[in-house]
Amino acid sequence: MKITNIRIGEISVPLKTPFKTALRTVNSVEDIIVEIHTDTGNVGYGEAPPTGVITGDTKGAIIGALKDHIIKSIIGMDIENFEEIMLKLDKSLVKNTSAKAAIDIALYDLYGQLYNAPLYKMLGGYKKEIITDVTISVNDPEEMAKDSLDAIRRGFDTLKIKVGKDASMDLERMKAIRNAIGYDVKLRIDANQGWKPKEAVKILRKMEDTGLDIEFVEQPVEAHDIEGLKYVTDNISIPVLADESVFSAKDALTILQNRAADYINIKLMKTGGLHNALKICSIAEVYGVECMIGCMLEAKVSVNAAVHLAAAKSIITKIDLDGPVLCSEDPVEGGAIFDEFKITLNDAPGLGIKKVNGIRYLD
Ligand SMILES: C[C@H](N)C(=O)N[C@@H](CCC(=O)O)C(=O)O
Ligand SMILES: [Mg+2]
């Protein structure tokens, strides 16, 4: 199964409501799609969202990385030589993890098709169904309480609450939500780097003292501030999950060796795809540290790949794969079924994607 052509396109999918974090506000998913075509007539699909404020990858940068570096380095190669293709992909240029992830995902899709097996079974096949949380955007406390109630009515039993914007309001936000929803629903919070280390400890201790029952706090401080992350981890009881601080397997090792966080959030757009995400799973297994699998604002192609990984690996115990349910339309035919909180895999080969509708080709 030889790679004959790699096509690049873009899709635009409006969100149901604006997505707001401490880092950005977004109204639609604007992602790059790749199709890897082979001499056997198979097509592998991949996707990359431009999340400049997190990965540094803009739309133009993703297209440039694909056209000027990655495509040339793997065209003509045989999917049977999978490890060799992955080495070429890694070495084609530094950083640019989103462009690499799009290609890596499409390659894994073809790898599954080559051996006629669904990807989650090839990676471990631990389960076939997973349950995701849903994100509540950062707004004023009343609106967040209302959005949380809506999410519970839709069946979600775990909410990921965005905080870290106008820090003085964060305690009020969480009190309003807890008062509105009671204690049967899990609340995890994500500050998206919005606090300083001492400020984070102050806010989180108040949340502990108020009995808000927070499952964990995600990325309280700036991504590069590992010392600050450790300071927060050492000084509060709520567990800390590292997100923007962990891109590579090496980053994960540093965090775990220093006990700078309690959990790791794996995202394919930070690792450069499944190949490196699997390395983080192995490191976390060695340290006995559970992982979350997350996504950026992504449609169903790349989130599908994350679903396969989550279903394959027992070390992934927390799921934040709500990208597709935040979208108002689904451009993807085939693949996993997203029914609000419940995500079910099917046993079609690879990712099981039949078609992506509405692609505007850029080649
Ligand atoms: C969409 C997901 N629930 C999420 O919150 N992901 C990121 C932010 C993604 C983005 O800005 O596109 C996270 O920080 O966990
Ligand atoms: Mg996060």
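In case you missed it, the structure is sitting above this.
Residues numbered from 1 in each chain as written. Chains lettered and ligands numbered in written order. Predicted model: local features only at pLDDT ≥ 70, side-chain atom pairs only at ≥ 80, totals over all residues. Heavy atoms only, no water.

*Asks:* Just to check I follow, could you spell out the sheet that holds strand β5 (residues 134-136) for this structure?
*Replies:* Strand-to-strand pairing in sheets goes through backbone hydrogen bonds, with the strands running parallel or antiparallel. Taken in spatial order, the eight strands line up as β5-β6-β7-β8-β9-β10-β11-β12 in an open sheet, and their pairing is parallel. Every interior strand has two partners, whereas the edge strands, β5 and β12 (316-320), have only one. Taking the axes of each pair of neighbouring strands and ignoring which way they run, one obtains an average angle of 30° across the sheet. With two bridges connecting them, strand β8 (residues 214-218) and strand β9 (residues 240-242) associate as parallel partners. By the bridge assignment, Val217 is partnered in β9 with Val240. Relative to the sheet, helix α12 (residues 274-287) contacts β10 (263-266), β11 (291-294) and β12, its axis offset from that of β10 by approximately 170°. (Pairing = 2+ DSSP bridges. Helix = DSSP H or I, 4+ residues; strand = E, 2+ residues; numbered from the N terminus. Axes fitted to C-alpha atoms, helices over the stretch in contact; angles between N-to-C directions. Contact = heavy atoms within 4.5 Å.)

*Asks:* Can you help me understand the sheet that holds strand β4 (residues 129-131) in this one?
*Replies:* The strand order across the open sheet built from three strands is β4-β15-β14, with neighbouring strands paired in antiparallel fashion. What marks the edges here is a single partner per strand, and that holds for β4 and β14 (337-339). Strand-to-strand twist of the sheet, defined as the mean angle between neighbouring strand axes without regard to direction, takes the value 20°. With three bridges connecting them, β4 and strand β15 (residues 342-344) associate as antiparallel partners. Paired with Glu129 across the strands is Thr344, a residue of β15.

*Asks:* Help me out: how do you make sense of unusual backbone geometry in this one?
*Replies:* Generally, phi is negative for residues other than glycine and the peptide bonds are trans, each holding for most cases. We note that Lys95 has phi near 50°; this positive angle belongs to a residue other than glycine. Positive phi is not limited to glycine here, since Glu340 has a value of about 50°. With respect to the helices and strands, Glu340 occurs in the loop between β14 and β15. For Glu340, a relative accessible area of 23% corresponds to the partly exposed category. (Buried < 20%, exposed > 50% of the residue type's maximum accessible area, 1.4 Å probe, protein only.)

*Asks:* What am I meant to see in the packing of helix α2 (residues 59-74) against helix α3 (residues 82-91) here?
*Replies:* In a pair of packed helices, the angle between the axes and the distance between the axes together describe the arrangement. Interhelical geometry of α2 versus α3 gives an angle of 160° and a closest axis separation of 9 Å. As judged from the angle between their axes, α2 and α3 are roughly antiparallel. The handedness of the crossing between α2 and α3 comes out as right-handed. In this structure, α2 uses Ile70, Ser73 and Ile74 to contact α3, whose residues at the interface are Ile85, Lys88 and Leu89. Class assignment of the residues belonging to the contact of α2 with α3 gives a composition of four nonpolar, one polar and one charged. (Parallel < 35°, antiparallel > 145°, perpendicular 65-115°, else oblique. Left-handed = near helix turned anticlockwise from the far one by under 90°. Nonpolar A, V, L, I, M, F, W, Y, C, P; charged D, E, K, R; others polar.)

*Asks:* What's the story with the site of ligand 1 in this structure? I'm lost.
*Replies:* Inspection of the region around ligand 1 gives 17 residues, with Arg24, Thr135, Asn192, Cys295 and Asp322 positioned closest. Interatomic distance of 3.2 Å between a side-chain N/O atom of Asp243 and an oxygen atom of ligand 1. A distance of 3.1 Å separates an oxygen atom of ligand 1 from a polar atom in the side chain of Lys267. Starting from 390 Å² of accessible surface for ligand 1 in isolation, the protein chains cover 99%. The site holding ligand 1 turns out to be the largest cavity. Per-class residue counts for the shell around ligand 1 are five nonpolar, three polar and nine charged. When residues are assigned to domains, the shell around ligand 1 turns out to be shared by domain 1 (3-117) and domain 2 (121-351), each giving three or more. (Near = heavy atom within 4 Å. Polar contact = N/O pair within 3.5 Å; in protein donor to acceptor, adjacent residues only side chain to side chain. Areas by Shrake-Rupley, 256 points an atom, 1.4 Å probe, with all protein chains shown as cover. 1 Å grid on protein atoms, 1.4 Å probe; cavity = no way out; pocket = protein on both sides within 12 Å on 5 of 7 lines; lining within 4 Å. Sits in = over half its atoms within 2 Å of the grid points. Domains from an automatic or database assignment.)

*Asks:* Can you walk me through the packing of aromatic side chains in this structure?
*Replies:* Aromatic rings in a pair are described by how distant their centres are and how their planes are angled relative to each other. Scanning the entire structure with this criterion turns up six aromatic pairs. Seen from their ring centres, Phe82 and Tyr108 are 4.8 Å apart, and the 75° between their planes marks the pair as edge-to-face. In this pair, Phe82 is assigned in helix α3 and Tyr108 in helix α4 (residues 97-114), connecting sequence segments 26 residues apart. Seen in terms of ring centroids, Tyr111 and Tyr115 are 5.6 Å apart; in terms of plane orientation they differ by 90°. Their pairing is edge-to-face. Chaining the aromatic ring pairs together yields one cluster made of Phe82, Tyr108, Tyr111 and Tyr115. A cation over an aromatic ring shows up here: Arg7 above the ring of Tyr361, its NZ or CZ 3.8 Å from the ring centre. Looking at Lys318, its charged tip hangs above the ring of Tyr263, at a distance of 4.6 Å from the centre. (Phe/Tyr/Trp six-rings, centres within 6.5 Å; stacked < 30°, edge-to-face > 60°. Lys NZ or Arg CZ within 6 Å of the ring centre and 35° of its normal.)

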